[in-house]
Amino acid sequence: MKRVFTFCLLFTIIFGYAQNEPPSYANTSLDFETRAKALVNEMTLDEKISQVGNNSAAIPRLGINEYDWWNECLHGVARAGTATVFPQAIAMAASFDREMMLNVANVISDEARAKHHEALRNEDYGRYKGLTFWSPNINIFRDPRWGRGHETYGEDPYLSGQMGIQFVNGLQGDHPKYMKLVATAKHYAVHNGPEPERHSFNAVPNVRDLWETYLPAFYDLVVKGKAYSVMGAYNRVDGESASASWMLLEDILRNRWNFDGYVVSDCGAIRDIHAFHKIVNTPEESAAVGVRRGCDLNCGTVYQLWLKKAVETGLISEGEIDQAVYRLMLARLKLGMFDPPEMVPFAQIPYDVNNSKPHDKVALKMAQKSMTLLKNDGILPFNKDQIKTIAVVGPNANSVVALRANYHGDASNPVTVIDGIKKAAANDVEILYNEGCPLVDYDDEQMQHDPVNEKFLSSINADGKKVNGLKGEYFNNNALEGEPDFVRTDEKITFYWSDQSPVETELAQGIISPEEKINKDNFSVRWTGQLQSPGSGEYEFGLVSDDGCRVYIDGDRIIDEWTEHAMAPSLTTFTFEEGKTYDIKIEYFDSAQDAAAMLVWKKKEPKKDEKQKGFELSDEMLANVKKADVAIFVGGLDATWEGEEMRNRVGIEGFDRGDRTSIELTPVQQKTLNAMLDTETPVVMVIMAGSSIALNGLENELSAILMGWYPGQRGGDAIADVLFGNYNPAGRLPVTFYSSTNELADFRDYNMNAGKGFTYRYYKGEPLFPFGHGLSYTTFEYSDMQIDKNKICNTDSFTVSVTVKNSGKYDGEEVVQLYVKDVESDKTMPVKQLRNFKRIALNKGEIKTVRFTLKAIEDLRYFDAMYERYLVEPGDFEIQIGSSSKDIRQKGTITVE
């Protein structure tokens, strides 16, 4: 075990201060603010600049270790090996359970602290080992076509704020001195697609929508939840980069909300200011604009590479950089990073809490609470005495990918749906499984390219000999600048370095010294040599890379993708001639996170005849369904189809680089379900997805529909528990389910009232399943709603109560929802708005009274653009209480005078 010295001891040893007194920034008896100021004052300009990128350098003379600010915990500690994997954020929102969300966040923060201190004990300061987490995502899920919507808490500002506050509280803790973790509210503030345009798109919300839809959840997390960090978005908002916006960062966040934490850019967003938004012309100008507008930390490299030049050319002063560094150092001090471990209570959390059995039980409980029953004709729960054969069909039935969503950890024992069903079924029940169909039926040529073999590559080595492979020149910068820092022959360009240095093997073998090491981030490579033709014909040819690349053949640039992006193919069609040799040059750079470069090709084959196209149904699958007493189809989507900037999802019907262009269930799944229904065996559908799915009328023929979301490591058990009656579902939709894509407004229009309107708050049509909808195996009766006041002024509070009785045959839970409707308004108010909710447990026959307290200026308000403040319109407001936004059981009226 490597010995870890405390910072205080290091300071004393290094500096040898008189009377063994540590410098003021290491003096734990001083307040954090004083220590942070002192620490910044000790730094040189270069040292300050080294701290304002996500990968911050060590400053040995000050006892500061290197630190990577980048960490993720959207629904469990992510990308750091084995961890408890909870349901995706959208699924946890479906629980409508504040207390459960807090429990989940407490578990996540325990595991995060345990992992961090284990990494410190091993002197591992790499990415995903820190205490600063870029979660939660509280953007409003305005349109189901947005691919990242499942990372959010849904379409409602109030629900998003309430769930987000609990998540922040659980992450940051309530210790009087130290923060447990830092939570980051993202992506501030007007950001929800389109994904393919996020680096250049300008979102233009009207003032009302900005303050009534896009900002409230951020206000809740920053002002009420005390989130210590905020991440800016990629896109522009009213012409300004969201990550460097005076309006968002200075006027609203700092001045109006008194935010005293730090702001981090989304990854590459500072580069976008000059590269894609064209707000300024140079990277040094982007760096200056970012810092001056209040973005303290750059996820990326622009600050660290260009701030020095910005200072030298007078674009920004060192004092402005000091403010950013101060905020960052203050955060690290509040996390206890510079204090002895024995002073920091969270440092004592044992490593074995990670992925422990108690945490696994919490994952199961949250998965159960997220289960949302959309339809049931009485077939559920299954009667174990009558059902002896079950056919399980569908592409997600045995899928681990559909359990974990994105931004996930590695579950040690994930339970798929088919595994859960097998465990839950009686021993004498026969389970017949067949995948049935893929999620999407398409020719994925981009994913089936072959690596270019070394026999087709050649170059001249240092001895002047011709060898297989290309000459690789490696640079410790991402612009191929200067002389290469390392040169070798690479036989094949098939590299997936992830977060390791490209020369890790040479280091391990002692071929090079640590001083000659190539960075694991912010490096570039140039490969040169010759490429032998594989034969005559057209080939899909290029580089699969993370990040940017350029490819030249005989001096002609045939591929130019010199941008930061996730793993994606950059391909072109190139016609090779038999027996010909071509000069080839490949340029590649990595900015941050994973690094990969793979040279691939695939010969283009003639297109199939129409008769050959299309997925063919399995005779075995249909025979299983005919034989069964009931069939379960497990379909929907997974996070490889809806997600973040997926450049490999191009030209596929219904999908566009992470977003969807159609919300309908994919044709191949519709075809499979129709064939199953034709057998006349009852069919139950389990949808695993992170967004609204339209069913093209299948909802009328299916016996039951269960929304299983992306349910985490125990998802299969939770789904099976609902199907077999071991758990009575009570999840509710945090998004509206629309009947078709035609019901949606213009995706690029951020006006909430555009077209047919976005979300239940403005939608003018009839939904397939409304916001807040979810069924139970029991029934609930509402009665005796009371409002304690008839008339109020705009500063008053009032109380609403209602009696709820479990009138059915099962114990169960009910989500009591309170909505407010402005009865008569000339202010274009929403149709209605969720203003409170409570999930309650009731045994059969039990009665409970639920009380809500509302404040007029918070719950009845609108934002007046002229006066730039919230106001309450005089008149009548209808208070609605029910089981969903449509299923209103009790109403009352209150008048604002």
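Shown above is the structure to which this text applies.
Everything in this summary refers to the structure shown in the same document. Keep in mind that this is a model prediction, so the values were computed, not measured. (Residues numbered from 1 in each chain as written. Predicted model: local features only at pLDDT ≥ 70, side-chain atom pairs only at ≥ 80, totals over all residues. Heavy atoms only, no water.)

1. Observations concerning the overall build of the chain
Applicable threshold: Each helix is a run of H or I in the DSSP string that is no shorter than four residues. Each strand is a run of E no shorter than two, and both are numbered from the N terminus. Note on method: radius of gyration uses C-alpha positions; expected globular size equals 2.2 Å times residues raised to 0.38. Partly exposed residues are those whose accessible area sits between 20% and 50% of the maximum for their type, while under 20% is buried and over 50% is exposed, using a 1.4 Å probe and protein chains only. By definition in these notes, contact holds between two residues if any of their heavy atoms fall within 4.5 Å. In this tally Asp and Glu are treated as negative and Lys and Arg as positive; neither His nor the chain ends contributes. For this purpose, a charge sits on NZ of Lys, CZ of Arg, CG of Asp or CD of Glu.
The secondary structure content of the chain amounts to 22 helices and 40 strands. Expected size for 897 residues packed as a compact globule is a radius of gyration near 29 Å; at 29 Å, the chain falls within 12% of this value. C-alpha atoms of the chain, sized along the principal axes, occupy 85 × 75 × 55 Å. By the burial criterion, 61% of the 897 residues in the chain qualify as buried. Within the chain, contacts between residues at least 6 apart in sequence are counted, and of these 75% link residues at least 24 apart. Averaged over its 97 positive side-chain charges, the chain has a centre that lies 3 Å from the centre of its 130 negative ones.

2. With respect to the sheet that holds strand β26 (residues 630-636)
Just so we agree on the cut-off: We treat two strands as partners when DSSP finds at least two bridges between them. Between N-to-C directions, angles cover 0 to 180 degrees, with each direction set by a line fitted to C-alpha atoms, over the stretch in contact for helices.
In space, the 6 strands of this open sheet follow the order β10-β30-β29-β26-β11-β12, with mixed pairing throughout. The open sheet has two edge strands with one neighbour each: β10 (372-376) and β12 (430-434). Direction aside, the axes of adjacent strands within the sheet are offset by 15° on average. Note: strand β11 (residues 389-393) against β12, 5 bridges, orientation parallel.

3. Structural notes on helix α9 (residues 246-256)
Convention followed: As used in this structure description, the phrase polar contact means that two N or O atoms lie within 3.5 Å; if the pair is within protein, one of them must be able to donate a hydrogen and the other to accept it, and residues adjacent in sequence are counted only when both atoms belong to side chains.
Restricting attention to buried positions, one finds in α9 the residues Met247, Leu248, Leu249, Asp251, Ile252, Leu253 and Arg254. Looking at where α9 begins, the residue whose side-chain oxygen comes 3.4 Å from the main-chain nitrogen of methionine 247 is serine 245. The first or second residue beyond α9 is asparagine 258, which carries a positive phi of 55°.

4. Here's the deal with the packing of helix α18 (residues 619-627) against helix α19 (residues 667-678)
Just so we agree on the cut-off: The scheme is simple: roughly parallel for angles under 35 degrees, roughly antiparallel for over 145, roughly perpendicular for 65 to 115, oblique for anything else. Here a crossing is taken to be left-handed if its near helix is turned anticlockwise relative to the far helix by less than a right angle, and right-handed if that turn runs clockwise. Under the scheme applied here, ten amino acids are nonpolar (Ala, Val, Leu, Ile, Met, Phe, Trp, Tyr, Cys and Pro), four are charged (Asp, Glu, Lys and Arg), and all others, including Gly, are polar.
As a packed pair, α18 and α19 sit with axes 9 Å apart at the nearest point and diverge in direction by 40°. Considered as vectors, α18 and α19 are oriented oblique to each other. The chirality of how α18 crosses α19 is right-handed. Facing Met621, Leu622 and Val625 of α18, the residues of α19 in contact are Thr672, Ala675 and Met676. Per-class residue counts for the contact of α18 with α19 are 5 nonpolar, 1 polar and no charged.

5. Re the packing of aromatic side chains
The geometry of an aromatic ring pair is captured by the separation of the ring centres together with the interplanar angle, meaning the angle of the planes. Operational definition: The aromatic pairing rule takes the rings of Phe, Tyr and Trp, using the six-membered ring of Trp, and pairs them if the centres are within 6.5 Å, calling planes under 30 degrees apart stacked, those over 60 edge-to-face and the rest tilted.
Counting across every chain of the model gives 45 aromatic pairs. Note on tyrosine 228 and tyrosine 262: the rings are 6.3 Å apart at their centroids and 70° apart in plane angle, and the pair reads as edge-to-face. Here the residue tyrosine 228 occupies a position in the loop between α8 (216-224) and β6 (229-232), and tyrosine 262 occupies one in strand β9 (residues 262-264), the gap between them amounting to 34 residues. Members of the aromatic cluster, joined through ring pairs, are Phe456, Tyr539, Phe541, Phe574, Phe576, Tyr582 and Trp601.

6. Notes on the state of the cysteines
Simply put, the disulfide is a covalent bond whose two ends are the sulfur atoms of two cysteines. Operational definition: In plain terms, two cysteine sulfur atoms within 2.5 Å form what is called a disulfide here.
Enumeration according to the criterion identifies 1 disulfide in this entry. Across a sulfur-sulfur distance of 2.0 Å, cysteine 267 and cysteine 299 are joined as a disulfide pair. Between cysteine 267 and cysteine 299, the S-S dihedral sits near 85°, and the bridge is therefore right-handed. With cysteine 267 in the loop between β9 and α10 (269-275) and cysteine 299 in the loop between α11 (283-292) and α12 (302-312), this residue pair connects regions lying 32 residues apart in the sequence. Like cysteine 267, the residue cysteine 299 is buried in the burial classification. Free cysteine: cysteine 73, not disulfide-bonded; nearest cysteine sulfur from cysteine 267 at 15 Å. Not engaged in a disulfide, the cysteine cysteine 295 finds its nearest cysteine sulfur in cysteine 299; these two sulfurs lie 9.9 Å apart.

7. Things to note about the side chain of glutamine 669
The topology assignment puts glutamine 669 in helix α19. Classification of glutamine 669 as buried rests on a relative accessible area of 0%. Within the structure, the side chain of glutamine 669 is placed 2.8 Å from the backbone nitrogen of glycine 636, a separation counted as a polar contact.

8. Brief notes about α8
Burial in α8 covers these residues: Pro216, Ala217, Phe218, Asp220, Leu221 and Val222. Check the buried side of α8 and you find it contacts α6 (157-172), β4 (182-188), α7 (207-214), β6 and α9. Directly after α8, the chain includes lysine 226, whose backbone phi takes a positive value near 60°.

9. Here's the deal with the packing of α6 against α8
Relative orientation and spacing of two packed helices are given, respectively, by the angle between their axes and the distance between those axes. Between α6 and α8, the shortest axis-to-axis distance is 8 Å and the interhelical angle comes to 30°. One way to sum up the angle between α6 and α8 is to call them roughly parallel. The handedness of the crossing between α6 and α8 comes out as right-handed. Note on element contacts: α8 touches α6 through Pro216, Ala217, Asp220, Leu221 and Lys224, opposite Pro157, Ser160, Gly161, Gly164, Ile165 and Val168. Within the contact of α6 with α8, the residues separate by chemical class into 6 nonpolar, 3 polar and 2 charged.

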